[in-house]
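# Understanding the architecture of this molecule
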Amino acid sequence: MAQAKLSFKWLGISGFVLSDEKTTLVFDPATSRVGLLDFLPFTTVQSDNDEVDYWLERCGVTSVDAVFVNHAHTDHVIDAPYVARKFKAKLYGSSSVMNVGRGQGLNNDQLQEVSVGGEWKVGDFSITAFSIPHLPHVLGITLMDGDITSPLTSPTSAWNYRAGETFSYYISHPQGNILFQAIGRVTDIDPLKDLKADTLLLTIANRVSTENLIKRFNTTGAKTVIPLHYDNFFKKMKREGEIDELWGVKTWEFKESVSKKAAGVNVVWPGYCEGVGI
């Protein structure tokens, strides 16, 4: 019997779909974009269900078995409860992510709080969580820091989506191992240093330096790297044409540095919903 094909499709920011043709996982669904003006006082935000449905259909998603979230800011969690409800899937994440789910209609059977070192089996996938602090946004300050301590109903202020604990995920599968690193830094105390992966899904926004991130290429031994979190998450996703890049991410510098210092690594830049074999 032929083995199922393992594929990746990008949902924008650090969102993506992993599927082996039997089981489908969705990470960090946030196709509902929250603009800068949405952070003004007395403004509220909520999941745009029509927009979510469009991108799920475009990505060919007809079923979802689990939704994983790395932290509870809007650009990672805002659509997670809707996707979990739509497909009767389980939502995985921090206690803050659980309170987003509770406030937006998920029952306890659909909620699984993630703990450091915890491992969860979904189909042929095994997912292990590693806690790494969110990087500061500006002047050493992390915006919307802290925890969501009670069920968060929607619509609500974007400022109520507090980060909570941040997790990176190691995803094991018979077809290959994948590391989803959710922050743009390899830390001095590095809980991911011993993980080997065929594919590295790497957040490059707010990175300390490209040279620092290349350390993760080396520790994992990954031959394929897919950069994440470089599109402009304050703007609606373009359905056609070039992807709007987030200011300051400097993808050109990342590409140039990698070509010089990690020439043997295949760096793939898929468009939205473009399939990549793992």
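My aim in this report is to walk through the structure given alongside it, one point at a time. Here the structure is a predicted model, which is why all the values come from computation and not from measurement. (Residues numbered from 1 in each chain as written. Predicted model: local features only at pLDDT ≥ 70, side-chain atom pairs only at ≥ 80, totals over all residues. Heavy atoms only, no water.)

Unoccupied space between atoms shows up once a probe the size of one water molecule is rolled over them. Counted under the stated rule, the structure contains one cavity of 30 Å³ or more. Of the volumes computed, that of the largest cavity is approximately 30 Å³. Looking at the largest cavity, the residues that line it are Arg33, Asp231, Asn232, Lys235, Lys236, Met237, Lys238, Ile243, Asp244 and Tyr272. In the lining of the largest cavity, the residues fall into three nonpolar, one polar and six charged. (1 Å grid on protein atoms, 1.4 Å probe; cavity = no way out; pocket = protein on both sides within 12 Å on 5 of 7 lines; lining within 4 Å. Points joined across faces, edges and corners; volume = space filled by probe spheres on them. Nonpolar A, V, L, I, M, F, W, Y, C, P; charged D, E, K, R; others polar.)

All right, on to a negative patch on the surface then. A cluster of acidic side chains, namely Glu113, Asp145, Asp147 and Glu165, defines a negative patch on the protein surface. On the secondary structure map, Asp145 appears in the loop between β8 (125-131) and β9 (167-172). (Patch = residues over 30% accessible without salt bridge, like charges linked within 9 Å, V, L, I, M, F, W, Y side chains within 5 Å. Areas by Shrake-Rupley, 256 points an atom, 1.4 Å probe, with all protein chains shown as cover. Salt bridge = Lys/Arg side-chain N within 4 Å of Asp/Glu carboxyl O. Lys, Arg positive; Asp, Glu negative; His and termini not counted. Charge placed at Lys NZ, Arg CZ, Asp CG, Glu CD. Helix = DSSP H or I, 4+ residues; strand = E, 2+ residues; numbered from the N terminus.)

Looking now at the pairing of strand β10 (residues 178-181). For a regular strand, side chains alternate in direction, first toward one face of the sheet and then toward the other. Residue alternation in β10 divides its side chains into two sets, Ile178 and Phe180 and Leu179 and Gln181, and both sets are buried. Bridge count for β9 against β10 is three bridges, and the pairing is antiparallel. Paired with Tyr169 across the bridge in β10 is Phe180. Joining the antiparallel neighbours β9 and β10 is a turn of five residues, in which Gly176 adopts a positive phi near 155 degrees. (Buried < 20%, exposed > 50% of the residue type's maximum accessible area, 1.4 Å probe, protein only. Pairing = 2+ DSSP bridges.)

This part takes up the pattern of salt bridges. Tallied over the entire structure, the rule returns twelve salt bridges. The salt bridge partner of Arg207 is Glu253, with a shortest N-O separation of 2.9 Å. Here Glu253 lies in helix α6 (residues 251-261) and Arg207 lies in the loop between β11 (199-203) and α5 (210-220), a separation of 46 residues in the sequence. Taking the relative accessible area as the measure of exposure, Arg207 reaches 15% and is therefore buried. Taking the shortest distance from any N to any O, the salt bridge between Glu256 and Lys260 comes out at 3.9 Å. Within this pair, Glu256 and its partner Lys260 are both found in helix α6, separated by four residues, close to a single helical turn. Through salt bridges that share partners, Glu51, Lys236 and Arg239 make up one connected network.

On the surface, Ile141, Leu143 and Trp159 cluster together into a nonpolar patch covering about 270 Å² of accessible area. Its place among the elements puts Ile141 in the loop between β8 and β9. Ile141 gets classed as partly exposed once you look at its relative accessible area, which sits at 46%.

Taken as a whole and judged by the stated rule, the model has one disulfide. For Cys59, the disulfide goes to Cys273, at an S-S distance of 1.9 Å. Because the torsion about its S-S bond is -85 degrees, the bridge between Cys59 and Cys273 counts as left-handed. Here Cys59 is found in the loop between α1 (49-58) and β4 (66-68), whereas its partner Cys273 is found in the loop between β13 (266-267) and β14 (275-277), with 214 residues between them in sequence. Both residues of the pair, Cys59 and Cys273, belong to the buried class. (Disulfide = S-S within 2.5 Å.)

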